[in-house]
4 protein chains.
Amino acid sequence: MPIQKVTREEILTKSLEVFRHRGYHNTSMNDLANAVGLLKGSFYHYFDSKETLMKEVLMSVNIFLKQEVFPIVHDTTLPIEARMETMLKRFSKTVFSKDGGCIVGNTILETVNQYPQFKEVLQEILTGWTNALTYLYSHRTTPEYARKLAEQSIMEYEGAIMMAKLFGESYYYKDCYLRAIERLNERTQ
Amino acid sequence: MPIQKVTREEILTKSLEVFRHRGYHNTSMNDLANAVGLLKGSFYHYFDSKETLMKEVLMSVNIFLKQEVFPIVHDTTLPIEARMETMLKRFSKTVFSKDGGCIVGNTILETVNQYPQFKEVLQEILTGWTNALTYLYSHRTTPEYARKLAEQSIMEYEGAIMMAKLFGESYYYKDCYLRAIERLNERTQ
Amino acid sequence: MPIQKVTREEILTKSLEVFRHRGYHNTSMNDLANAVGLLKGSFYHYFDSKETLMKEVLMSVNIFLKQEVFPIVHDTTLPIEARMETMLKRFSKTVFSKDGGCIVGNTILETVNQYPQFKEVLQEILTGWTNALTYLYSHRTTPEYARKLAEQSIMEYEGAIMMAKLFGESYYYKDCYLRAIERLNERTQ
Amino acid sequence: MPIQKVTREEILTKSLEVFRHRGYHNTSMNDLANAVGLLKGSFYHYFDSKETLMKEVLMSVNIFLKQEVFPIVHDTTLPIEARMETMLKRFSKTVFSKDGGCIVGNTILETVNQYPQFKEVLQEILTGWTNALTYLYSHRTTPEYARKLAEQSIMEYEGAIMMAKLFGESYYYKDCYLRAIERLNERTQ
DNA sequence: TATGAATGAGCGTTCATTCAT
DNA sequence: GATGAATGAACGCTCATTCAT
C-alpha cells in the first residue's frame, strides 16, 4: 500500500502561505514542494500544474470565506458592530500574512492581465466580501450607498496592505479597521 | 557616431509600460528588448541588469513626480481644489496604465519582500505623494488629521486600481478621485 | 525507481577527461553534458554548478591518490625503486591524459588566481605527492634534501607535460621518470 | 586628422600582461581594451580578432627573445656562468609575471589542443630557449647531454612557476635558477 | 503514492565581432 | 582612428513538467 505523506488540504494550506509570501511567478514548484516536504515530482500526483494549484488555492480560500467568514454578517445574535469586527478579523487571518501579503491582492496584480483562469475566483472572492460588507452597512443607509461604503472599505484595506508592506508598519490596517467600523454609522449625504 | 535605434529615455519609457503590464518577474529581458526593437543582448549597452533597469525606471518615475507633479500643490495661482485635480490627473497618467496597472503598487507587492533595492525608491515615491496630499489637506484641518486623510486617499487609490483591474471597470478610480477632493472640506472630528 | 542514464561517478570520470582536454574555461556545461549523454539541464541534478563539479572532480582525484597511489610508498614488500615505479605509473594514469593534459597543472594555471575555491584541493594533491616522493627519497639522504629532490621531480614532471603537449612527443615524460628513479641514489652534497 | 591614442606596441605589451594574468579564455576583448584605454570596438582597428592578437603577442615575445635574450649566450665578453645568469633573468622578465604566470606555459596548456595556430610560435619560443641553453651547457659536455640538461632546466622552470603560483612562494624559482647554473658543471655520466 | 532522473524551453547575461558615423 | 550601438550565438543556470520505477 502506498504511503501518503500529505493531504491535498495540507498542500493547499502550505502553498497558500508560500504564494502569499513570494508571489505567483517568483514561486517555483520546488519552493512549494519543499514547503510541504515532498519532492517536485510527487507534487504532480496532487495537482497537474502550477496554474491548477493556484486556482485551487484560490478556490479553497473562496470556499472558506463563504462558509466560515461571510455568513457572520447574518448572525443575529450579535450586534452589527460585533459582526463587522469578527468578520474583518477572520478575513484578515485567512487572506493576509504577517509580512504584509494578501493572496488576493497579490494575485490580482500579478496575474489578472495574463491568466484569465484566476479571474473568476478572484472576482467571486471580492464580490462575496463586497456583499457581506454591503449587507452590514445597509442597516443604517440605502443599499446603493452601503455598496459604496463597502467598496471603499475594501479598497482602503488593499491599499493598507501595500503601505504596511512597504513601510513595515501595521497601523495602516488598524486605521482601516476602525474606519470600516465607524462607517456603520454613516448615512447618505 | 554609430546608428542609435533607441535612447535611454525611450527604453525607460517603454520598459515602464511593459513592467506595468506584465509585472517584474513575468517580464523577460526579451520582452523588454522587443518592446524597444532591440535584441536582448543589445539591451545591456544601456543597463547592466534587469534589476538596475527596474531601479532606474522607478527612479525616473520618482524624479518626474518630484519635478512635474508634486510641486503643483504649491501653485498659489490655483485654488486648492484645482491643484488637487491637476495633481491627481498627472499622477495617474504617470503611474497608472489603461489596463489597470500601477507600477508602484505592482512592484511593491511583487518585490519588496525579496528585493530590498527597490524599497527605497518606492518609499520615496509614496512619501512624496503622501506629503503632497497632506499639504493640500492641511489647509482646512490639522497637520495630523491631514496626514491621515492623505494616507486614506492613497490607500483607496491603490485598492481602486486592483478593483479596476479585476472587474475591468473604471468607476472605482472616479469614486476615489471624487472622495479625495471632497476630503478637502473635512475637519478634525 | 526512475531510469538513470548515468551515475555521479561516471559524470566525474567523464568530466575529468573533458576538463583535462579542454581546460576549465573552455569547457561548457553543454560539452560536459554531451560527454555523458545528458542535456545540460539534466546535469544540474547531479551538481549545483560548474564550479562545484570541478571542485568535486579535483576532490575525487585527491581521494583516489590518497587511497590508491600514495600509500604505495609504504609497501614494505617492495624495494624502494619498485615503489617509485608503481607510484609514478599509477599517478600518471590518474592525472595525465594521452593528449598531454594534466588536470592538476592545467587547473592551477587557469584558475588559481581567480578561483580560490580550487586552490585548497590542488594544494592538498601536490602536498600529498610531495610527501610521498619525499618519503621515498629520504631512504638514502636527509629529509631536507629529500624534499628538494621531491619538488624537483614534480616540477620536472609538470614541465614535461607541457613539452609533451607542445611537441607531441612522449620522451619528455620518460626522461623525467628515469631521473626520478635515479635520484633515489642521490645524497646530500 | 585622426588621433591615435595608442600604438600597436603598447597594445601588445598591455595585452601580454592581461593574458598572462587571466589566461586566454578568461580574458575578454573588453578586459584587453580597458587595459589599454580603448573601447572594445576600437581594438579591431589594430587586430582583427582575439586569436590574431594572441598570436601577435606571442610573436612579439618570440622576436624579443630572439633579438635581446637568446643572443646573450654568444657574448664572449662574459664567462659562461654570467651569460646563463643574464639570460635567465631577462627571460623571466619577459615571460613571467609576479603573480606566477608564464605566458608561454599558460598558453600551451590552455590552447595547444584546440588552437593549432598558436602552436608554431610557441614551439619556436621553446626551441629557441632550448637551443640557447644547449649552447651554454655544451661547453663542458656533449651536445646530446647538453640538450637533455637544457630540457631539464626548462621543464623545471615551468613546473616551478606552477608551484610558485599554487603556494605563493618564490623559492621554487630560485632553486631552479641555481640548479640551472650548477648544471653548467655537469658532465656525461 | 513517491521518487528523482530526464527533458526542453527559457532565463539573465556575456562575448567576439561588425559597422555607420 | 575612434566610437559605441547593435548583433547573434553561446554561456551557466532554472523551471514546469513527464514518467519509469
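This text gives an overview of the structure that appears in the document. Every chain is numbered on its own, with residues counted from 1 as its sequence reads. Chain letters and ligand numbers both follow the written order, the letters beginning at A and the numbers at 1. Given that this is a predicted model, residues contribute local features only at a pLDDT of at least 70 and side-chain atom pairs are listed and counted only at 80 or more, while totals for whole chains, interfaces and linings are drawn from all residues. No hydrogens and no water enter the side-chain calculation; it runs on all heavy atoms of the structure.

**Observations regarding the relation of the copies chain C and chain D**
Item 1. Least-squares superposition of the copies uses the C-alpha atoms of those residues scoring a pLDDT of at least 70 in each of them. Superposition record for chain C on chain D: RMSD 0.2 Å, screw rotation 179°, translation along axis 0.0 Å. The two molecules are tied by a two-fold rotation axis, judged by turn and shift.

**Points about the arrangement of the chains**
Item 1. A contact between two residues is defined here by any heavy atoms of the two lying within 4.5 Å. Separating chain B from chain C is a minimum C-alpha gap of 20 Å, and the two share no contact.
Item 2. Kept free of each other, chain A and chain D leave a smallest C-alpha distance of 33 Å between them.

**Quick look at the interface of chain C and chain D**
Item 1. Contacts between chain C and chain D engage 39 residues on the former and 40 residues on the latter.
Item 2. Buried area between chain C and chain D, summed over both chains or domains, comes out near 3,800 Å², and the portion from carbon and sulfur atoms is 62%.
Item 3. Salt bridges are defined by distance alone: a side-chain nitrogen of Lys or Arg within 4 Å of a carboxyl oxygen of Asp or Glu. In this structure, the connection of chain C to chain D is made through two salt bridges.
Item 4. For the salt bridge of C:Asp175 with D:Lys148, the shortest nitrogen-to-oxygen distance reads 2.6 Å.
Item 5. The definition of a polar contact used here is a pair of N or O atoms within 3.5 Å, where within protein one atom must be able to donate a hydrogen and the other to accept one, and adjacent residues in sequence count solely through side-chain atom pairs. Where chain C touches chain D, the interface holds 20 residue pairs in polar contact (both at pLDDT 80 or more).
Item 6. Contributions of two or more residues to the side of chain C that touches chain D are made by α1 (8-22), α6 (103-111), α7 (116-137), α8 (143-167) and α9 (171-182) of chain C.
Item 7. Broken down by element, the side of chain C that touches chain D gets its largest block of residues, 14 residues, from α8(C). Buried area: the sum, over both parts, of the accessible surface (1.4 Å probe) that disappears when the two are put together. Numbering goes from the N terminus for both helices and strands, where a helix is a DSSP run of H or I of at least four residues and a strand is a run of E of at least two.

**Thoughts on the packing of aromatic side chains**
Item 1. In summary, the pairing rule links any two rings of Phe, Tyr or Trp, Trp by its six-membered ring, whose centres are within 6.5 Å, and it sorts them by plane angle into stacked for under 30 degrees, edge-to-face for over 60 and tilted for everything else. Here the structure, examined in full by the defined rule, presents 50 aromatic pairs over all chains.
Item 2. Ring centres of A:Phe96 and A:Tyr173 lie 5.9 Å apart, and the angle between their planes is 20°; on these two criteria the pair is classed as stacked. Of this pair, A:Phe96 sits in the loop between α5 (80-95) and α6 (103-111) while A:Tyr173 sits in helix α9 (residues 171-182); the two residues are 77 residues apart in sequence, bridging distant segments of the chain.
Item 3. Burial classes follow relative accessibility: with a 1.4 Å probe on protein chains only, a residue under 20% of its type's maximum area counts as buried, one over 50% as exposed, and anything between as partly exposed. You can call A:Phe96 buried: its relative accessible area is 9%.
Item 4. Seen in terms of ring centroids, C:Phe91 and C:Phe96 are 6.0 Å apart; in terms of plane orientation they differ by 80°. Their pairing is edge-to-face.
Item 5. One aromatic cluster in this structure is built from A:Phe70, A:Phe91, A:Phe96, A:Trp129, A:Tyr157 and A:Tyr173.
Item 6. By definition, being over a ring means that NZ of Lys or CZ of Arg is both within 6 Å of the ring centre and within 35 degrees of the ring normal. Above the ring of C:Tyr24, the side-chain terminus of C:Lys50 is found at 4.7 Å from the ring centroid.

**Observations regarding the packing of helix α7 (residues 116-137) of chain D against helix α8 (residues 143-167) of chain D**
All names here are of chain D.
Item 1. Between α7 and α8, the shortest axis-to-axis distance is 8 Å and the interhelical angle comes to 125°. In terms of orientation, α7 and α8 fall into the oblique class. As for the relative orientation of α7 and α8, their crossing is right-handed in sense. Here Leu126, Trp129, Thr130, Asn131, Leu133, Thr134 and Tyr137 of α7 lie close against α8, whose contacting residues are Pro143, Ala146, Arg147, Leu149, Ala150, Glu151, Ser153, Ile154, Tyr157 and Glu158. Between N-to-C directions, angles span 0 to 180 degrees; the directions come from axes that are lines fitted to C-alpha atoms, helices contributing only their stretch in contact. Any angle that falls under 35 degrees is termed roughly parallel, while one over 145 is termed roughly antiparallel, one within 65 to 115 roughly perpendicular, and all others oblique. Left-handed is the label given to a crossing in which the near helix is rotated counterclockwise from the far helix by less than a right angle, and right-handed is the label when the rotation is clockwise.

**Brief notes about empty space enclosed by the protein**
Vacant regions in the atomic arrangement are exposed by a probe of water-molecule size rolled over the atoms.
Item 1. Points on a 1 Å grid over protein atoms alone make up a cavity when a 1.4 Å probe fits among them but cannot get out, and a pocket when they form an open set with protein on both sides within 12 Å along at least five of seven lines; lining residues each have an atom within 4 Å of a point. Grid points are joined across faces, edges and corners, and a volume is the space filled by probe spheres set on the points. Here the structure, examined in full by the defined rule, presents three cavities of 30 Å³ or more.
Item 2. Those elements that provide at least two residues to the lining of the largest cavity are α6 of chain A together with α6 (103-111) of chain B.
Item 3. Three categories are distinguished: nonpolar for Ala, Val, Leu, Ile, Met, Phe, Trp, Tyr, Cys and Pro, charged for Asp, Glu, Lys and Arg, and polar for the others, with Gly belonging to the last. Partitioned by chemical class, the residues of the lining of the largest cavity number two nonpolar, three polar and two charged.

**A few points about α6(B)**
Item 1. The buried count for α6(B) comes to nine of nine residues, which makes it a mostly enclosed element.
Item 2. Among all positions of α6(B), only B:Ile103, B:Val104, B:Gly105, B:Asn106, B:Thr107, B:Ile108, B:Leu109, B:Glu110 and B:Thr111 are buried.

**Some remarks on the interface of chain B and chain A**
When the parts come together, some accessible area is lost, and that loss is often what is quoted as the size of the interface.
Item 1. With 39 residues of chain B in contact, the opposing surface of chain A contributes 40 residues.
Item 2. Of the roughly 3,800 Å² buried at the junction of chain B and chain A (both faces included), carbon and sulfur atoms supply 62%.
Item 3. It is B:Leu109, B:Met155 and B:Leu166 in chain B that bury the most area against chain A; as a group they hold 20% of the surface buried on that side.
Item 4. Here chain B and chain A share two salt bridges between them.
Item 5. Where chain B touches chain A, the interface holds 20 residue pairs in polar contact (both at pLDDT 80 or more).
Item 6. Partitioned by chemical class, the residues of the side of chain B that touches chain A number 16 nonpolar, 11 polar and 12 charged.

**Details of helix α1 (residues 8-22) of chain A**
Item 1. If you check α1(A), its first and last C-alpha atoms are 21 Å apart, about what 15 residues at 1.5 Å a residue would give, namely 21 Å.
Item 2. Taken residue by residue, α1(A) has A:Ile11, A:Leu12, A:Ser15, A:Leu16, A:Val18, A:Phe19 and A:Arg20 as its buried positions. Working rule for helices: expected span equals 1.5 Å times residues minus one.

**Topic: the side chain of A:Asn26**
Item 1. Considering the arrangement of structural elements, one finds A:Asn26 in the loop between α1 and α2 (29-36).
Item 2. A polar contact is formed between the side chain of A:Asn26 and the side chain of B:His25, at a distance of 3.5 Å.
Item 3. Apart from residues no more than four positions distant in its own chain, A:Asn26 is found in contact with A:Asp31, A:Glu110, B:His25, B:Gln114 and B:Tyr115.

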